[in-house]
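# Fold and contact review
Residue-level listing of the chains:
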Amino acid sequence: MIYIKNKSEIEKMRKAGKFAAELLVYLEPFVKSGVSTLELNDIAEAYTKKNGHRSAPLGYKGFPKSICTSINQVVCHGIPKKEDVLADGDIVNLDVSPIVDGYIGDTSKTFIVGGKTTPEAEKLVFDTEKAMWIGIEQIKPGNRIDDIGNAIDDFLTPLGYGIVRDLMGHGVGRNFHEEPQVPHFRSPRKLAKIEPGMIFTVEPMVNLGTWEVNFDRSDKWTVRTKDGKLSAQFEHTILVTDKGYEILTKV
Ligand code: MF3
Ligand code: CO
Ligand code: CO
């Protein structure tokens, strides 16, 4: 069942989304060569606590940290670690999901450490963000959930990228992950109609090579590209309005 949020829930989701967006902006200046992903985690956790909030990932199905930090060939769900130190030219996704007054805002962005990397990595990051926006533009009552992935696929596949299929966007609210699932690739069947009051994420994970991924067997979380090539991701939490959409995780 896809929840349709009422006015007061929407107001709470606006607050959660706004704080999530602020948190990502707050973290940006700390994303530099020499910083460990554990330090970024701790900075995010401290800022969240100081503002009276909590981090949804911490303890979620056993996830051990407060944010996800996914470097280079890590697709998503990277666990912050003191050994994982950023270097210039790395690409790193920071995914934050604070709980504000019981509701969760979910947003992520891929940063280029030091501002410069290889041309193909730079293009991957740029095209991944563009793909997210192309998907988001499909959000309006009358369209269906599969219109999102179809549009993203039509943009990315001709460019030769692999679109991750094992992980998708999702409804979000009081629950971190609820219906609907939002594929970022072409869907063989029609999915649910998009209706006002739905809130879900669009968060394409895009690979330079194959779409296939491996799940880390020992930590149970880290998702990596099967071929070891780079992967990028951007994510926003979106409210469906009468006319279209509202980005909840925008500052
Ligand atoms: N924030 C991720 C998402 O966009 C979910 C992370 S689950 C965690 O869906 F447990 F790894 F944090
Ligand atoms: Co998400
Ligand atoms: Co997320």
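Here the structure is a predicted model, which means the values were calculated and not measured.

### Brief notes about the UniProt feature "binding site: substrate" (unreviewed entry) in the chain
- The sites that UniProt annotates as "binding site: substrate" (unreviewed entry) are His77 and His177. Over a stretch of 101 residues, the named residues converge on one spot in the fold, their C-alpha atoms separated by at most 14.1 Å.
- Structurally, His77 is set in the loop between β3 (74-76) and β4 (91-96).
- Look past the residues within four positions of His77 in its chain and what remains in contact with it is Phe63, Cys68, Ser70, Leu167, Trp221, Thr222 and Val223.
- Note on His177: relative accessible area 40%, which makes it partly exposed.
- His177 has contacts with Tyr60, His170 and Gly171, leaving out every residue within four places of it along the chain.
- A polar side-chain atom of His177 sits 2.6 Å from a polar atom in the side chain of Tyr60.

### Notes on the coordination of the cobalt ion (ligand 2)
- In this structure, Asp106 (OD), His170 (NE2), Glu203 (OE) and Glu235 (OE) serve as the protein donors to the cobalt ion (ligand 2), at separations of 2.0 to 2.3 Å.
- Here the cobalt ion (ligand 2) binds six donor atoms, and the angle range of 51 to 161 degrees at the metal identifies the geometry as irregular.
- Between consecutive donors of the cobalt ion (ligand 2), the numbers of intervening residues give the motif D-x63-H-x32-E-x31-E.
- Separating the cobalt ion (ligand 2) from the cobalt ion (ligand 3) is a distance of 3.3 Å, and Asp106 supplies a donor atom to each of them. Here Asp106, found in the loop between β6 (103-104) and β7 (107-112), pairs with His170, found in strand β9 (residues 169-171); they are 64 residues apart in sequence, far enough to count as distant. Note on accessibility: Asp106 and His170 belong to one class, buried.

### Remarks on helix α3 (residues 119-136)
- Helix length check: α3, at 18 residues, gives a terminal C-alpha distance of 26 Å against a target of 26 Å (1.5 Å per residue), a fit within 8%.
- All of the buried residues in α3 are Ala121, Leu124, Val125, Asp127, Thr128, Ala131, Met132, Ile134, Gly135 and Ile136.

### Things to note about the coordination of the cobalt ion (ligand 3)
- Here the cobalt ion (ligand 3) is held by the protein donor atoms Asp95 (OD), Asp95 (OD), Asp106 (OD) and Glu235 (OE), which lie 2.1 to 2.3 Å from it.
- For the cobalt ion (ligand 3), all donor residues lie on one chain, and their spacing in sequence is D-x10-D-x128-E.

### Concerning the packing of helix α1 (residues 7-27) against helix α2 (residues 37-50)
- Contact pair α1 / α2: the axes reach a minimum separation of 10 Å and the direction vectors enclose 135 degrees. Regarding the angle of α1 to α2, the classification is oblique. Considering the relative orientation of α1 and α2, their crossing is right-handed. Together, Phe19, Glu22, Leu23, Tyr26 and Leu27 of α1 and Leu40, Ile43, Ala44, Tyr47 and Thr48 of α2 make up the contact between the two elements.
- Taken together, the residues of the contact of α1 with α2 sort by class into eight nonpolar, one polar and one charged.

### Details of the packing of aromatic side chains
- Tallying each qualifying case throughout the model produces five aromatic pairs.
- Between Phe19 and Tyr47 the ring centres are 5.7 Å apart and the planes differ by 5 degrees, which places this aromatic pair in the stacked class. On the criterion of sequence distance, the pair formed by Phe19 in helix α1 and Tyr47 in helix α2 is long-range, its members being 28 residues apart.
- Its relative accessible area of 15% is what places Tyr47 among the buried residues.
- With a centroid separation of 4.0 Å and 15 degrees between ring planes, the pair formed by Tyr26 and Tyr47 is classed as stacked.

Here is what the cut-offs are and how they apply
- Residues numbered from 1 in each chain as written.
- Chains lettered and ligands numbered in written order.
- Predicted model: local features only at pLDDT ≥ 70, side-chain atom pairs only at ≥ 80, totals over all residues.
- Heavy atoms only, no water.
- UniProt positions renumbered as here; feature names shortened; annotations may be inferred.
- Helix = DSSP H or I, 4+ residues; strand = E, 2+ residues; numbered from the N terminus.
- Contact = heavy atoms within 4.5 Å.
- Buried < 20%, exposed > 50% of the residue type's maximum accessible area, 1.4 Å probe, protein only.
- Polar contact = N/O pair within 3.5 Å; in protein donor to acceptor, adjacent residues only side chain to side chain.
- Donors = N, O, S within 2.8 Å, 3.2 Å for Na, K, Ca; no water.
- Tetrahedral: all angles 85-135°; square planar, octahedral: opposite > 155°, others 65-115°.
- Expected span 1.5 Å × (residues − 1).
- Axes fitted to C-alpha atoms, helices over the stretch in contact; angles between N-to-C directions.
- Parallel < 35°, antiparallel > 145°, perpendicular 65-115°, else oblique.
- Left-handed = near helix turned anticlockwise from the far one by under 90°.
- Nonpolar A, V, L, I, M, F, W, Y, C, P; charged D, E, K, R; others polar.
- Phe/Tyr/Trp six-rings, centres within 6.5 Å; stacked < 30°, edge-to-face > 60°.

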